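A look at the structure
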Amino acid sequence: MVTLWSEIPMDILRSVFERLSFVDFHRAKIVCSNWYSCSKQTLPRKNTSPWLILFPEEDSNCALYNPEEARVYKTKRDLSRFRFLANSGNWFLVLDSKSNLYIIDLFSEKKIDLPPLESFKGNKYNLKRVGDKKIKEVRLEIGYTSFVILKAKYLRGLLWVDEKKEEYVVVWYFSDKYKIDYSAFCKNGEDHYHEIPTCFGISDMVLTSCGDSLYILNTSDYIEKLDLSGQEGFKDVSKNEAIFLRFRLPGPSRDFKFTYDAKCSNSIAVTSSGEVLLVMNIFSESTRRRIFFLYKDPNLGPSESIYNKLVEVDSLGDEALLLDLGITVPADRDLGIEPNSIYFTRHDRVRYQKLSCPDICVFNLETKTLKRFPGLSNLKLKDARWFLMS
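Report follows, based on the coordinates. Please read these numbers as outputs of a predicted model, since none were measured by experiment. (Residues numbered from 1 in each chain as written. Predicted model: local features only at pLDDT ≥ 70, side-chain atom pairs only at ≥ 80, totals over all residues. Heavy atoms only, no water.)

**Describing the sheet that holds strand β30 (residues 381-387)**
Stated formally: Any two strands are treated as partners once DSSP identifies two or more bridges connecting them. Helix and strand labels come from DSSP, where a helix needs a run of H or I of at least four residues and a strand needs a run of E of at least two; each type is numbered from the N terminus. Axes here refer to lines fitted to C-alpha atoms; in helices the fit is confined to the stretch in contact. Angles between the N-to-C directions go from 0 to 180 degrees.
Strand order in the open sheet made by the four strands is β3-β2-β1-β30, with antiparallel pairing throughout. Among the strands making up the open sheet, the edge pair consists of β3 (71-74) and β30. For this sheet, the mean inter-axis angle between neighbouring strands, taken without regard to orientation, is 25°. Direction of pairing for strand β2 (residues 63-66) relative to β3: antiparallel, over a ladder of four bridges. From the neighbouring strand, alanine 63 faces β3, where its bridge partner is lysine 74.

Dropping the structure here:
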């Protein structure tokens, strides 16, 4: 007698599920309703090692890479119609070909529809859709005509999701070659986006690991902190809390030698304890050398000087920095997360510029050494992102 897959006894099925790898576990649970029900009653094998989502140039669909196995997994779902903007665990903020935003679970068919971009509510302007690829600024002042057109390809984003509480925060911003910035956010249950006014251009933005705060690094070396935990809108708490408002970098140590083609970029990160770090990233195209320096404000707040002078941070301790997310996570070598390390893919996620090729690597702050992944060397990638599975 032939036994149907859906009729396998639950205890046997549960025993099989417990032995599956993370990817195979999520593949198996969508076989049928009985298997999905069993997966909900099974504790999957613990996997907290960062993975990579890869976007090959020649393949419109994405792939996954497990550094521990040095193995590439092809995705069975057709995700080619989406552009990936941000992620939080298994959840990704994506934009489709008609400029609609969604949050999707990479390992299931779950999808959350987000408010349309034109639901944006600003103090001086609103947004109006112009076809599938463009958004037009509409000024609220009588007699004022705006000619600003925002292109969907310049849209960037941030995401935070709490799957258990069914809560999320979405931040998006346009940053085009003319350095015109438009940014907004919404939370679960809302039908429109709140404007995030910016006095200067945006260099980097980070959502904290709890989703309740947004840090903005401006092009004028000014860091803002916005409290998003309220019922409506946000509260600027930059001057009330211990973050550096304007800063002056001391620069790399004297024993570091710049090459003629060295390029430097700055970004921000927030540790699990809430400490704000400035990340300096220097790369030489000729030598392929990349090095990182971390800085913080030792004064724990604004000083009497116009600029706060930062000091170098030598170690992240037992944490690792996922620079794609801008946050640190607890490290554990047994689980595949290297302590005192920076996980990196590219530096140009926020500010508009000519896109660089991904440089997937892990930088050790103690040894100042860089680890790249030979298993990816033959892949021509247009993008990649580190993410932690939830």
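**As for the packing of aromatic side chains**
Basically, it comes down to this: Classification of ring pairs rests on two measures: the distance between centres of Phe, Tyr or Trp rings, Trp counted by its six-membered ring, which must be within 6.5 Å, and the angle between planes, read as stacked under 30 degrees, edge-to-face over 60 and tilted in between. Relative accessibility thresholds used throughout: buried, under 20% of the residue-type maximum; exposed, over 50%; partly exposed, between the two (1.4 Å probe, protein chains only). Only lysine NZ and arginine CZ atoms are considered, and such an atom sits over a ring when it is within 6 Å of the ring centre and within 35 degrees of the ring normal.
Counted according to the given criterion, the structure contains 16 aromatic pairs. Between the aromatic rings of tryptophan 51 and tyrosine 73, the centroid separation amounts to 5.5 Å while the plane-to-plane angle is 25°, which identifies the pairing as stacked. Separated by 22 residues along the polypeptide, tryptophan 51 in strand β1 (residues 51-56) and tyrosine 73 in strand β3 bring together distant segments of the chain. In this structure, tryptophan 51 and tyrosine 73 share a single accessibility class: buried. Pairing tyrosine 65 with phenylalanine 373 gives two aromatic rings, centres 6.2 Å apart and planes at 75°, and the pair type is edge-to-face. Within this pair, whereas tyrosine 65 is found in strand β2, its partner phenylalanine 373 is found in the loop between β29 (369-372) and β30, the two being separated by 308 residues in sequence. We note that tyrosine 65, like phenylalanine 373, is buried. In textbook terms, an aromatic cluster arises when at least three aromatic residues are bridged by ring pairs, as seen for Phe120, Tyr125, Trp172, Phe174, Tyr182 and Tyr193. In this arrangement the basic side chain of lysine 111 is found over the ring face of tyrosine 102, its NZ or CZ atom lying 4.5 Å from the centre.

**Observations regarding the pairing of strand β25 (residues 319-322)**
Of the two faces of β25, the one holding Glu319 and Leu321 and the one holding Ala320 and Leu322 are both buried throughout. Summarising the sheet, β25 and strand β26 (residues 327-330) pair through four bridges and their orientation is antiparallel. What sits directly across from glutamate 319, in β26, is proline 330. Hairpin connection of β25 to β26: four residues between the antiparallel strands, including glycine 326 at a positive phi of 75°. When β25 meets strand β27 (residues 341-344), the two strands line up parallel, connected through three bridges.

**Let's talk about the sheet that holds strand β11 (residues 155-162)**
Consider a sheet: its strands pair through backbone hydrogen bonds, and that pairing is either parallel or antiparallel. Pairing in this open sheet of four strands is antiparallel, and the strands run β11-β12-β13-β14 from one edge to the other. Strands at the two margins of the open sheet, each flanked by one partner only, are β11 and β14 (194-195). By the bridge criterion, seven bridges tie strand β12 (residues 167-175) to strand β13 (residues 181-187) in an arrangement that is antiparallel. When the bridges of β13 are listed, valine 171 appears paired with phenylalanine 185.

**Thoughts on the nonpolar core**
For clarity, the threshold we go by: In this description, a nonpolar core means a group of buried Ala, Val, Leu, Ile, Met, Phe, Trp, Tyr and Cys residues linked to one another through side-chain atoms lying within 4.5 Å. By definition, residues are in contact when any of their heavy atoms lie within 4.5 Å.
One finds Ile268, Val279, Phe292, Leu294, Leu321, Leu323 and Ile342 to be the most contacted residues of the largest nonpolar core, which totals 29 residues. Looking at this core, the elements with two or more residues in it are β16 (213-218), β20 (262-270), β21 (276-284), β22 (290-296), β27 and β28 (361-364). Considering each element in turn, this core owes the most residues, six residues, to β21. Contacts of isoleucine 268, omitting those with residues within four sequence positions, involve Asp204, Val206, Tyr215, Ile216, Leu217, Ile223, Leu277, Leu278 and Gly326. In this structure, Leu95, Leu127, Phe174 and Ala184 belong to the second largest nonpolar core, which totals 27 residues.

Read these as spatial facts, not as claims about activity.
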